[in-house]
Amino acid sequence: MSILLETKNLCAQYGKVLAVQNINLKVKSGQVVTVIGANGAGKSTLLNAIMGSLPVPGSANGEVVYQEHDISRLIVEDRVANGLCLVPEKRELFSSMPVEDNLLLGGFRRYRAREKNWRDTLDEVYELFPRLKERRMQNAGTLSGGERQMLAVGRALMGKPKVLMLDEPSLGLAPLVVREVFHTIMRLRENGVSILLVEQNARAALQVADYGYVLEMGEVRLEGNASELLHDPRVIESYLGFGKQDN
Ligand SMILES: Nc1ncnc2c1ncn2[C@@H]1O[C@H](COP(=O)(O)OP(=O)(O)OP(=O)(O)O)[C@@H](O)[C@H]1O
C-alpha cells in the first residue's frame with residue numbers, strides 16, 4: 001500500500017505556545033487512520049496544519065508530504081486542488097442556503113477547472129445520503145445535527161478528495177446517529193477514499209480505523225494498528241473507560 005499523506009516532524013504553534021510537536025504520521029492509500037486524544041490535545045490543530053488552514057499562516061513547520069511532494073508551502077486552495085479536504089469541527093455550512101446549493105458549492109473548484117461531469121458527483125452523494133436528496137431544497141440551517149454532518153461530508157465529497165480529513169464527525173450526535181456516521185466512514189473507505197479521522201469517541205474511531213495515533217499534549221504518545229490499540233491497557237484506561245461501551 002503506497003503512502004498518500006505523510007507528516008515529518010510537523011509542529012504548529014499559536015503565538016509562542018507549541019500546540020503540536022514533531023508529528024510523524026502516515027496515511028496509506030485506502031486506509032482509515034485515526035488520531036484520538038483528550039480535549040486540547042492538539043487534534044484540530046494537527047488537521048489544520050496539514051490543511052494549511054491555521055489562523056496565522058506560516059505558524060507550522062516541518063513537512064507535509066502528499067503523493068511524495070512537499071506541499072507544506074502551498075496555500076489551502078492548492079492543497080484542496082491536490083486532493084486534500086477537511087471537514088472542520090464547526091462544519092461551516094451556508095445556513096441560509098438550501099442543501100443542494102451547499103453541495104454544488106463543494107464542486108465549485110471542479111466546475112471552475114471545467115472538469116467534465118463534475119455534477120454527476122451530486123448523484124453519488126445523494127446515493128450515499130438519501131436523506132439529503134429528500135431535503136435538497138431545505139435550508140442547511142434547519143437541518144438536524146446528523147443531517148448537517150452528512151451535508152458537510154457530502155459537500156467535501158463533491159470536490160472528489162483523495163484524502164478526507166474529518167474533525168470530530170460524531171460530536172454532539174445521538175448514539176444511533178453516531179453509528180450511522182461511522183457506517184458512512186466505512187462505506188467511503190470501500191469507495192476508495194482515504195480518511196484521516198480525528199475523534200474523541202476513541203472506541204468507535206478505533207473500531208473503523210486501520211491505524212491509530214494517540215495524541216497527548218501535542219505529541220504522539222502511542223501509535224499502532226487500531227485493533228491493537230483497542231486492546232492496549234494504556235488506551236483502555238485513559239480513553240475507553242473500564243468496560244464502557246460508547247455506542
Ligand atoms: N486559535 C487559537 N489560538 C490560541 N490557542 C489555540 C487556538 N486554537 C487552539 N488553541 C490551543 O491549542 C491547544 C490544542 O487545541 P486543539 O483545538 O488543537 O485541540 P483538540 O485536541 O482538537 O481539542 P478538542 O477535542 O477539545 O477540540 C489547546 O491548548 C488550545 O487552547
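Note that this is a predicted model, so its numbers are computed, not measured.

## Side note on the overall build of the protein
Then, number 1: Helix and strand counts for the protein come out as eleven helices and ten strands.
Then, number 2: C-alpha extents for the protein along the principal axes are approximately 45 × 45 × 35 Å.
Then, number 3: Counting the 247 residues in the protein, one finds 40% classified as buried.
Then, number 4: The contacts of the protein with a sequence gap of at least 6 include a subset with a gap of at least 24, amounting to 69%.

## Quick notes on helix 11 (residues 233–240)
Then, number 1: Residues of helix 11 that are buried: Val-235, Tyr-239 and Leu-240. Along the axis of helix 11, the buried residues cluster in a sector spanning 70 degrees; they form a single face. In helix 11, the exposed residues that point more than 90 degrees away from the buried face are Pro-233, Arg-234 and Glu-237.
Then, number 2: For helix 11, the secondary structure elements touched by its buried residues are strand 3 (32–36), helix 9 (202–208), strand 9 (211–216), strand 10 (219–225) and helix 10 (226–230).
Then, number 3: Downstream of helix 11 by one or two residues, Gly-241 has phi in the positive range, about 80 degrees.

## Some words on the pairing of strand 7 (residues 163–167)
The side chains of a regular strand alternate between the sheet's two faces.
Then, number 1: With respect to burial, strand 7 is a largely interior element, five of its five residues being buried.
Then, number 2: Every second residue of strand 7 is oriented toward a common face, with Val-163, Met-165 and Asp-167 on one face and Leu-164 and Leu-166 on the other, all of them buried.
Then, number 3: Two elements, strand 6 (residues 84–87) and strand 7, share four bridges in a ladder whose sense is parallel. The residue bridging Leu-86 from the neighbouring strand is Met-165, located in strand 7.
Then, number 4: Bridge analysis of strand 7 against strand 8 (residues 194–199) gives five bridges, and the strand direction is parallel. Paired with Val-163 across the two strands is Ser-194, which belongs to strand 8.
Then, number 5: Of the crossover connections in this fold, the one passing from strand 7 over helix 8 (residues 175–190) to the parallel strand 8 is right-handed.

## Regarding the packing of helix 3 (residues 99–106) against helix 7 (residues 145–157)
Then, number 1: One can describe the packing of helix 3 onto helix 7 by two numbers: an axis separation of 7 Å at closest approach and a directional angle of 35 degrees. In this structure, the crossing between helix 3 and helix 7 has a hand that is right-handed. Here Val-99, Asn-102, Leu-103, Leu-105 and Gly-106 of helix 3 lie close against helix 7, whose contacting residues are Leu-151, Gly-154, Arg-155 and Ala-156.
Then, number 2: Split into classes, the residues belonging to the contact of helix 3 with helix 7 amount to five nonpolar, three polar and one charged.

## What to know about the sheet that holds strand 3
Then, number 1: Pairing is mixed in the open sheet, where six strands are placed in the order 6-7-8-3-9-10. In this open sheet, the two edge strands, each paired with only one partner strand, are strand 6 and strand 10. On average, each strand axis in the sheet is tilted by 15 degrees relative to the strand beside it, whichever way the strands run.
Then, number 2: As paired elements, strand 3 and strand 9 share four bridges and run parallel to each other. By the bridge assignment for strand 9, Ile-36 is matched with Val-214.

## Concerning the site of the ligand
Then, number 1: Every residue close to the ligand is listed here: Tyr-14, Ala-19, Gly-37, Asn-39, Gly-40, Ala-41, Gly-42, Lys-43, Ser-44, Thr-45, Pro-55 and Gln-200.
Then, number 2: Broken down by element, the residue count for the shell around the ligand peaks at three residues, all from helix 1 (residues 43–51).
Then, number 3: Here the residues of the shell around the ligand are counted per class, giving four nonpolar, seven polar and one charged.

## Describing the domain arrangement of the protein
Then, number 1: For the protein, the assigned domains read domain 1 (1–83 + 164–247) and domain 2 (93–160).
Then, number 2: Each of domain 1 and domain 2 has a C-alpha centre, and these two points are 24 Å apart.
Then, number 3: Counting residues at the interface gives eleven residues for domain 1 and eight residues for domain 2.
Then, number 4: Counting residues per element, the ones that place at least two in the side of domain 1 that touches domain 2 are helix 2 (76–82) and helix 8.
Then, number 5: The greatest single-element share of the side of domain 1 that touches domain 2, amounting to five residues, is contributed by helix 8.
Then, number 6: Of the residues belonging to the side of domain 1 that touches domain 2, the class tally is seven nonpolar, two polar and two charged.

## Comments concerning unusual backbone geometry
Glycine aside, residues mostly have negative phi, and peptide bonds are mostly found in the trans state.
Then, number 1: Non-glycine residue Asn-117 carries a positive phi angle of around 60 degrees.
Then, number 2: Within the secondary structure, Asn-117 is located in the loop between helix 4 (108–112) and helix 5 (120–128).

Parameters at a glance
- Note that residues are indexed from 1 along each chain, following the sequence as it is written.
- Confidence filtering applies because this is a predicted model: local features only for residues at pLDDT of at least 70, side-chain atom pairs given and counted only at 80 or more, and all residues used for totals across whole chains, interfaces and linings.
- Segments assigned H or I by DSSP are reported as helices when at least four residues long, segments assigned E as strands when at least two residues long, and all are numbered from the N terminus.
- Once C-beta atoms are placed from the backbone, each residue is buried if 20 or more other C-beta atoms lie within 10 Å of its own, exposed if 12 or fewer, and partly exposed for counts between those two.
- We call two residues in contact when their backbone-placed C-beta atoms lie within 7 Å.
- By construction, the arc corresponds to the directions joining the helix axis to the C-beta atoms.
- A pair of strands counts as paired when DSSP detects no fewer than two bridges linking them.
- Note on handedness: a clockwise path from strand one over the helix to strand two, with the strands aimed away from the viewer, defines a right-handed crossover.
- To get an axis, a line is fitted to the C-alpha atoms, and for a helix only the part in contact is used. The angle between two axes follows their N-to-C directions and goes from 0 to 180 degrees.
- By definition, any crossing whose near helix is turned counterclockwise from its far helix by less than a right angle is left-handed, and any crossing with a clockwise turn is right-handed.
- Think of it as three bins: nonpolar holds Ala, Val, Leu, Ile, Met, Phe, Trp, Tyr, Cys and Pro, charged holds Asp, Glu, Lys and Arg, and polar takes everything else, Gly as well.
- Defining nearness, a residue is near a molecule or strand when the C-beta atom obtained from its backbone falls within 6 Å of it.
- Reported domain spans reflect what an automatic or database domain assignment gives.

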